[in-house]
Amino acid sequence: MIALDSPHIGFVLAAYMAAAIVIAGLVLRAVIDSRMRNRALDILAARGVARHRVPSSGHPEGASAVRTISDGRDTVGSESSAQGAGYAGRGEGEEGGTARSHDDGRSDRR
Amino acid sequence: MPTSFLWGLANPTRFMALSARILPWMAALSAVVTAAGLYLALFSSPADYQQGETVRIMYIHVPAAWLALALYAIMSLSALGTLVWRHPLADVSQKAAAPIGAAFTLLCLVTGSLWGKPMWGTWWVWDARLTSVLVLFLIYLGILALWRAIEDPGQAARAVAILTLVGFVNIPIVKFSVDWWNTLHQPASVIRMDGATIDASMLWPLFTMAIGLTLLALTLHMSGMRSEILARRARSLTLKAADRAAERQRPLPLSAGSAGAGSA
């Protein structure tokens, strides 16, 4: 058991405090980041851009596989646009992903 | 087959579905194992006969150091995935791992310093191990800065992948610095060819903490990947909406007939 009357106990407590701060910061950042991303997508969906989050069966919303309902067509988010999520930033194709067909699942990103 | 499994995850939707199922379990498991590790580290393990209570800092410092290196190794594998195999999620993995690795490297440096002051009598010495870990931290910061500096995720991924692979040269330097140079930092006492030199009463708390923090890091990594995928989706949808708006505002070209009628 840790002896609180040890001469160097301050260093030990400071180390554990630093660990708690760093880990809490990482966890908090992950939670806030995830909420912000989901909110951004919800705002886009509300504007009617493309996406409505539909929880897949058995999974709570937010932690679900995301289905996308786009322009009346029901396309599973990034399923058809294979790399839609991974390379959505390219702004190409359906849901912004690289819409090229990748039969082998590989992405030609050039 | 691990390769086919990785390619199976190349589809982000499949990854999102799988990670959504795994993530709560991993988070719970990491919390339980870390709590058990903390109990062993603070209440069950004895004080060291030389270091006294300060040995308990090792239960954070050593796993943090291992994770700093392990996360860099994950980033390097992901960099290969980006440049060589062009795995669609490789750069997502790389981007998600960088801040976690940087945080654990910082924790390693801070806790090492807090151990060094009572044991060595100094917060910092420029010996090979400490300096190479500081360099690792700076590389992490450089990678994070590069991600922010280049707007296009594809271009950023390639630039970061190259920087990551160049920075990997520092990893063996960190590991073997205590063998190659005469350092104040002690040589390896756990991962050695001839077995650990630590007593079992201290080894078990160390391993438990290491497993708990590793699970936590993997959970955070997976969560970070999910966030990055959603961020890219949002970005692409915003660009698509902007394209559509521009398309709508573009004036329609006049037909030849109507132009003629207008001029008549």
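In this text, all values refer to a predicted model and were calculated from it rather than measured experimentally.

Basis of the calculations
Residues numbered from 1 in each chain as written. Chains lettered and ligands numbered in written order. Predicted model: local features only at pLDDT ≥ 70, side-chain atom pairs only at ≥ 80, totals over all residues. Axes fitted to C-alpha atoms, helices over the stretch in contact; angles between N-to-C directions. Helix = DSSP H or I, 4+ residues; strand = E, 2+ residues; numbered from the N terminus. Parallel < 35°, antiparallel > 145°, perpendicular 65-115°, else oblique. Left-handed = near helix turned anticlockwise from the far one by under 90°. Nonpolar A, V, L, I, M, F, W, Y, C, P; charged D, E, K, R; others polar. Expected span 1.5 Å × (residues − 1). UniProt positions renumbered as here; feature names shortened; annotations may be inferred. Contact = placed C-beta atoms within 7 Å. Buried ≥ 20, exposed ≤ 12 C-beta atoms within 10 Å, placed from the backbone. Core = buried A, V, L, I, M, F, W, Y, C linked by C-beta atoms within 7 Å.

Asks: I tried to follow the packing of helix α2 (residues 12-44) of chain B against helix α8 (residues 200-249) of chain B on my own but got confused; where do I start?
Replies: For any two helices packed against each other, one specifies the crossing angle of their axes together with the interaxial distance. All names here are of chain B. Relative orientation of the contacting elements α2 and α8 amounts to 155°, with a least axis distance of 7 Å. By the criterion of interaxial angle, the relationship of α2 to α8 is roughly antiparallel. Judged by the twist between their axes, the crossing of α2 over α8 is left-handed. Looking at the contact of α2 with α8, its residues break down into 20 nonpolar, 9 polar and 1 charged.

Asks: When you look at helix α3 (residues 58-85) of chain B in this model, what are you seeing that I'm missing?
Replies: Because the α-helix completes a turn every 3.6 residues, residues three or four places apart line up on one side. Under the 1.5 Å per step criterion, the end-to-end length of α3(B) is 38 Å for 28 residues, consistent within 8% with the ideal 40 Å. Where α3(B) terminates, the next one or two residues include R86(B), which has phi positive at roughly 55°.

Asks: I would appreciate a short explanation of the UniProt feature "transmembrane region" (unreviewed entry) in chain B in the present structure.
Replies: Residues and elements named next belong to chain B. UniProt marks residues 22-44, 64-85, 97-116, 128-147, 159-178 and 202-223 with the feature "transmembrane region" (unreviewed entry), using the numbering shown here. The straight-line gap between the two end C-alpha atoms of residues 64-85 is 30 Å; of that span, 100% is helix and 0% is strand. Across residues 202-223, the secondary structure splits into 100% helix and 0% strand, with the terminal C-alpha atoms separated by 32 Å.

Asks: Can you walk me through the packing of α3(B) against α8(B) in this structure?
Replies: Residue and element names in this part refer to chain B. As a packed pair, α3 and α8 sit with axes 9 Å apart at the nearest point and diverge in direction by 45°. Considering their axes alone, α3 and α8 lie oblique with respect to each other. The two elements α3 and α8 meet at a crossing, and its hand is right-handed. From α3, M58, Y59, I60, V62, P63, W66, L67 and L71 reach across to α8, where they touch P205, L206, M209, A210, L213, T214 and A217. Residues of the contact of α3 with α8, tallied by class, amount to 14 nonpolar, 1 polar and no charged.

Asks: Looking at this structure, I do not really get the UniProt feature "transmembrane region" (unreviewed entry) in chain A. What am I missing?
Replies: UniProt feature "transmembrane region" (unreviewed entry): in the numbering of this structure it lies at residues 12-32 of chain A. The span residues 12-32 of chain A shows a helical share of 100% and a strand share of 0%, and its end C-alpha atoms are spaced 30 Å apart.

Asks: Which parts of the structure should I look at to understand helix α5 (residues 128-149) of chain B?
Replies: All names here are of chain B. Over its 22 residues, α5 runs 31 Å from end to end, which matches the ideal 32 Å to within 8%, given 1.5 Å per residue. For α5, every residue scored as buried is listed here: R129, L130, S132, V133, L136, I139, Y140 and I143. Residues of α5 that are buried sit in contact with α3, α4 (90-120), α6 (153-167) and α7 (170-180).

Asks: Is there a simple way to think about the nonpolar core in this case?
Replies: Looking at soluble globular proteins, one finds that nonpolar side chains tend to be buried together. Counting 72 residues, the largest nonpolar core has A15(A), I60(B), A68(B), L71(B), F104(B) and A217(B) as its most contacted members. Mapped by element, the contributors of at least two residues to this core are α1 (9-46) of chain A together with α2, α3, α4, α5, α6 and α8 of chain B. The dominant element in this core, judged by the number of residues it contributes, is α8(B), at 16 residues. Not counting chain neighbours up to four residues away, the residues in contact with A15(A) comprise I57(B), I60(B), T111(B) and L114(B).

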